[in-house]
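An overview of the molecular structure
Listed below are the residues making up each chain.
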Amino acid sequence: MQILGNIFNAIIFVSAIGGMFCVLSLFINHILRCTPPLWFPLCGMILFCVPFLSPDVFLISPETQEWLNGFYIVCWIWVCGCGILFVYDTIRSIMAKRALKGYQTCSNERLNALCLQCAEIVGLKKMPALYWGSLDNPICVTGVFRPTIIMSKTVIEKLTDIELSAVFFHELTHIKRKHILLERIYDYVCILNWLNPFAWIAKGDFSLHCETDCDCNALKFSQGKVTETEYAAAIIR
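First things first, this report covers the structure right here in the doc. None of these values were measured; they are calculated from a predicted model.

Right, let's get into the packing of aromatic side chains. Using the criterion set out here, one finds four aromatic pairs in the structure. Here the aromatic rings of W39 and F40 are separated by 6.1 Å at their centres, their planes lie at 75°, and the arrangement is edge-to-face. Between F86 and Y188 the ring centres are 6.2 Å apart and the planes differ by 45°, which places this aromatic pair in the tilted class. One end of the pair, F86, is in helix α3 (residues 68-101); the other, Y188, is in helix α7 (residues 179-192), with 102 residues separating them in the sequence. Overall, the relative accessible area of 36% leaves Y188 in the partly exposed class. Members of the aromatic cluster, each reached through a chain of ring pairs, are F21, W39 and F40.

What follows is the structure, encoded as structure tokens:
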């Protein structure tokens, strides 16, 4: 129990620091109206999980303390919460993979050619697979190790080549910049710090930073193929 107590105490320590960083990030974004680069919220994610402590320091005294019984109960509540959220996240991932198997592969030559062209411009070695899906979003990227683009047929086929290029540049930039992987890591950071509401707020804020980072770099990657006006119009539509 001593080891479990020390681990939980370390989590409380880093979670508090991460929470304070989250408040700072929200102040910069929403009060000062400044958009920091992606590495800034990444620092916040690191603060939620890396304790800067000496291994020789005992966070809980080995001597008997009256409050330890209650503290250990809270430790077990934290462990059970982490376990439940981890199982839920695993089941959700398995169901998402099964749902993907039921989607139809996109055989539209126009879409595949445009996506391949955009992938080469962005600098991806391999174009992600295209699927027709039934999601609420007209298009999205899923998969950390094998990225896949899922599209809504009723929306995507109505877009012009310029609009499609803008949309593909956006989704392919998410893959190029490893946003899917980073957000997946943040999922586990939130599971570890599930008791701290600021961890979940920070995760949502990080997702917004990923979108901003994606928009800025997508226009750079497009190399003038899509103008800012065309890109904005396509995303809004």
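Now that the structure has been shown, we can carry on.
Glancing now at the sheet that holds strand β3 (residues 139-142). With mixed pairing, four strands are arranged side by side in an open sheet as β1-β2-β4-β3. Each edge of the sheet is formed by a strand with only one pairing partner; in this case those strands are β1 (104-105) and β3. In this structure, strand β2 (residues 129-132) lies alongside strand β4 (residues 148-151), joined through four bridges in parallel fashion. From the neighbouring strand, Y131 faces β4, where its bridge partner is I150. Each of β2 and β4 is contacted by helix α4 (residues 109-122), which is oriented at about 145° to β2, the strand it contacts most.

Sheet analysis places β1 next to β2, joined by two bridges and oriented antiparallel. Note that in β2 the partner of Q104 across the bridge is W132.

This part covers the pattern of salt bridges. Pairs may arise between side chains of opposite charge once their charged atoms sit close together. Within the structure shown, the criterion is met by six salt bridges. Between R177 and D213 there is a salt bridge, and its shortest N-O distance comes to 2.9 Å. Of the two residues, R177 sits in the loop between α6 (161-176) and α7 while D213 sits in helix α8 (residues 197-221), which places them 36 residues apart along the sequence. Between R184 and D187 there is a salt bridge whose closest N-O contact spans 3.0 Å. With R184 and D187 both in helix α7, this residue pair falls three residues apart, about one helical turn. Neither residue differs from the other here; R184 and D187 are each classed as buried. One salt-bridge network, held together by shared partners, links D89, R92, R184, D187 and K203.

What counts, and where the lines are drawn
- Residues numbered from 1 in each chain as written.
- Predicted model: local features only at pLDDT ≥ 70, side-chain atom pairs only at ≥ 80, totals over all residues.
- Heavy atoms only, no water.
- Phe/Tyr/Trp six-rings, centres within 6.5 Å; stacked < 30°, edge-to-face > 60°.
- Helix = DSSP H or I, 4+ residues; strand = E, 2+ residues; numbered from the N terminus.
- Buried < 20%, exposed > 50% of the residue type's maximum accessible area, 1.4 Å probe, protein only.
- Pairing = 2+ DSSP bridges.
- Contact = heavy atoms within 4.5 Å.
- Axes fitted to C-alpha atoms, helices over the stretch in contact; angles between N-to-C directions.
- Salt bridge = Lys/Arg side-chain N within 4 Å of Asp/Glu carboxyl O.

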